[in-house]
Amino acid sequence: MTGRGQGSAGDLLELVRKGRATTRGALQQATGLSRATVGQRLDRLFRAGWLREGAGGPVDSPLGGRPSITLEFDDAHAVVLAADLDTRHARAAVLTLTGELLAEHGGTLVVEDGPEAVLGELAGWFARLLEKAGHGPDEVCGIGLAVPGPVDSETGRVVQPPIMPGWDGYGIRGRLARAFTEHTGAPALPVLVDNDANLMAYGEQRTAHPDCSAFVLVKVSTGIGAGVVVDGSIFRGVDGGAGDIGHIRVGTEALCRCGSQGCLAAVASGGAVARRLAESGVPASSGSDVRDLLAAGHPEAAALAREAGRQVGDVLATVVTLLNPGVLMIAGDLAGTAFLTGVRELLYQRALPRSTARLEVVTSRLGERAGLVGAGALVVEHLYAPERAEERLLALGV
């Protein structure tokens with residue numbers, strides 16, 4: 001296996017995938033490798049089906065001659081499965097390696113039913129979606145899963161999740177891989193797991209704000225969480241706890257589902273707004289119920305959403321001052337006009353003008369698909385990273 005610093009086949013693939021070098025000549029220049037060595041390593045990628053030749057590019061020499069043949073990542077050689085779990089609902093999809101959704105399904109899936117039942121059902125969804133998309137299980141290269149709790153990215157296990165009873169420390173990767181094999185007969189696949197806000201942020205940043213070097217997404221649904229993308233990579237902290245702003249104390253006695261008092265999520269989440277509406281006689285039990293009421297123009301729901309936005313905006317003033325992001329995106333069940341108005345009121349009042357001078361405060365571009373797109377991208381970036389790509393090429397015998 002060729003070392004990383006010497007321009008391996010995986011390195012060449014990375015240069016092509018990222019658009020940094022897309023001709024043989026450009027690859028020679030970028031790596032310092034000879035024409036013959038570049039050709040040998042590209043041949044491995046062609047035999048694996050990972051690269052293809054595109055149209056001719058501009059002529060490299062001022063003296064003319066034949067145009068250079070461009071190289072492209074072949075996104076048709078495999079597909080990715082992705083799922084996004086919420087507390088009472090889930091979405092699943094088949095995606096291309098470049099993030100295009102080929103088939104999608106959403107439905108009721110209650111996270112409190114526990115990982116055995118939920119992951120088993122999810123694997124059944126995947127099997128049916130592959131059939132709908134016209135792809136076989138042997139074409140899947142990996143599975144990405146977004147969950148509503150903090151995740152240790154090294155192990156793929158959730159760590160003390162406040163709204164996922166029965167999931168703490170559970171081996172999600174192994175169970176989902178086994179369940180997929182049970183439903184399809186396919187060999188075990190790599191499974192990657194991350195927090196839902198992280199993957200929503202990753203999907204949104206890559207799709208709509210690729211040039212933003214510091215990006216923050218705040219998801220306000222049953223709970224409240226944030227995803228942070230810095231220089232194109234998810235910032236997770238030392239053990240996956242970064243972005244858990246729903247459990248910042250805000251000076252109230254309200255009891256949170258985590259067992260503490262005074263958490264932001266206890267007063268400003270979709271679940272908290274639903275409880276206040278229910279106490280006043282309005283039928284609501286979840287963030288999705290609040291979303292439906294807001295869409296219908298319910299005045300009390302709008303007033304409470306604006307108040308919740310102000311409470312979240314107060315906390316976000318600190319977040320913005322600390323991280324100085326270029327984009328702050330509000331997503332989730334409450335991400336409408338009323339909530340966003342409340343966020344803006346307190347954010348711009350409390351944060352330093354320098355911190356907000358170049359800040360864009362926006363709502364989700366991908367909507368309910370953001371977590372799916374982010375989960376798919378996580379799988380692709382893992383499997384086709386230079387070191388991992390080399391391992392996979394060897395396993396394929398090329």
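Please read all numbers here as calculations on a predicted model, not as lab measurements.

Draft legend 1. Just the sheet that holds strand E10 (residues 214-220), in detail. Spatial strand order, E12-E11-E10-E13-E14: 5 strands in an open sheet with mixed pairing. In the strand order of this sheet, the two ends are held by strand E12 (233-234) and strand E14 (360-363), each with one partner. The pairing of E10 with strand E11 (residues 224-230) spans 7 bridges and is classified as antiparallel. Its bridge partner lying in E11, Val 218 is registered against Ala 226.

Draft legend 2. Region of interest: the sheet that holds strand E5 (residues 101-108). Reading across the sheet, the 5 strands line up as E5-E4-E3-E6-E9 and stay open at both edges, with mixed pairing between neighbours. Single-partner strands in this sheet number two, and they are E5 and strand E9 (191-195). Sheet twist, expressed as the mean angle between neighbouring strand axes with direction ignored, is 15°. Bridge count between strand E4 (residues 89-96) and E5: 7 bridges; the pairing is antiparallel. Bridging from a neighbouring strand, Leu 95 pairs with Leu 101 of E5. Sheet strands touched by helix H6 (residues 196-208): strand E3 (79-85), strand E6 (140-147) and E9. Its angle to E9, the strand with the most contacts, is close to 100°.

Draft legend 3. Just helix H8 (residues 270-279), in detail. All buried positions along H8 are accounted for by Gly 270, Gly 271, Ala 272, Val 273, Ala 274 and Leu 277. Of the residues trailing H8, Gly 281 is marked for its positive phi of about 95°.

Draft legend 4. Just the packing of H6 against helix H13 (residues 370-383), in detail. Viewed as axis vectors pointing N to C, H6 and H13 meet at an angle of 85°, and their least axial separation amounts to 7 Å. With respect to each other, H6 and H13 are oriented roughly perpendicular. On H13, the residues that touch Leu 199, Met 200, Tyr 202, Gly 203, Glu 204, Arg 206 and Thr 207 of H6 are Ala 370, Gly 371, Val 373, Gly 374, Ala 375, Ala 377, Leu 378 and Glu 381. Residues that form the contact of H6 with H13 fall into these classes: 8 nonpolar, 4 polar and 3 charged.

Draft legend 5. Representation of helix H3 (residues 35-48) in the model. For H3, built from 14 residues, the straight-helix expectation of 20 Å at 1.5 Å per residue is met to within 8% by its first-to-last C-alpha distance of 20 Å. Within H3, burial applies to Thr 37, Val 38, Arg 41, Leu 42, Arg 44, Leu 45 and Ala 48. Considered in projection along H3, the buried side chains sweep an arc of 145° and stay on one side of the axis. Projecting away from the buried face of H3 at angles above 90 degrees are the exposed residues Arg 35, Ala 36, Gln 40 and Arg 47. Positive phi shows up at Gly 49, right after H3, with a value of about 85°.

Draft legend 6. Fine view of the packing of aromatic side chains. The final tally for this structure, using the stated rule, is 2 aromatic pairs. Aromatic side chains Trp 50 and Tyr 384 sit 5.1 Å apart centroid to centroid with 75° between the ring planes, which places their arrangement in the edge-to-face category. Of this pair, Trp 50 sits in the loop between H3 and strand E1 (51-56) while Tyr 384 sits in the loop between H13 and helix H14 (386-396), and the two are 334 residues apart along the sequence. Tyr 384 shares its class with Trp 50; the two are buried. Between Phe 73 and Tyr 384, the aromatic rings sit 5.2 Å apart at their centres with planes inclined by 75°, giving edge-to-face as the arrangement. You can see Phe 73 sitting in strand E2 (residues 69-73) and its partner Tyr 384 sitting in the loop between H13 and H14, a full 311 residues away along the chain. Neither Phe 73 nor Tyr 384 differs from the other in exposure class; each is buried. Among the aromatic residues, those joined into a ring-pair cluster are Trp 50, Phe 73 and Tyr 384. When the ring centre of Tyr 202 is taken as reference, the NZ or CZ atom of Arg 206 above it lies at 5.1 Å. Positioned over the ring face of Tyr 384 is Arg 392, at 4.6 Å from the centre of the ring.

Conventions adopted
- Residues numbered from 1 in each chain as written.
- Predicted model: local features only at pLDDT ≥ 70, side-chain atom pairs only at ≥ 80, totals over all residues.
- Heavy atoms only, no water.
- Pairing = 2+ DSSP bridges.
- Helix = DSSP H or I, 4+ residues; strand = E, 2+ residues; numbered from the N terminus.
- Axes fitted to C-alpha atoms, helices over the stretch in contact; angles between N-to-C directions.
- Contact = heavy atoms within 4.5 Å.
- Buried < 20%, exposed > 50% of the residue type's maximum accessible area, 1.4 Å probe, protein only.
- Parallel < 35°, antiparallel > 145°, perpendicular 65-115°, else oblique.
- Nonpolar A, V, L, I, M, F, W, Y, C, P; charged D, E, K, R; others polar.
- Expected span 1.5 Å × (residues − 1).
- Arc of directions from axis to C-beta.
- Phe/Tyr/Trp six-rings, centres within 6.5 Å; stacked < 30°, edge-to-face > 60°.
- Lys NZ or Arg CZ within 6 Å of the ring centre and 35° of its normal.

Read these as spatial facts, not as claims about activity.
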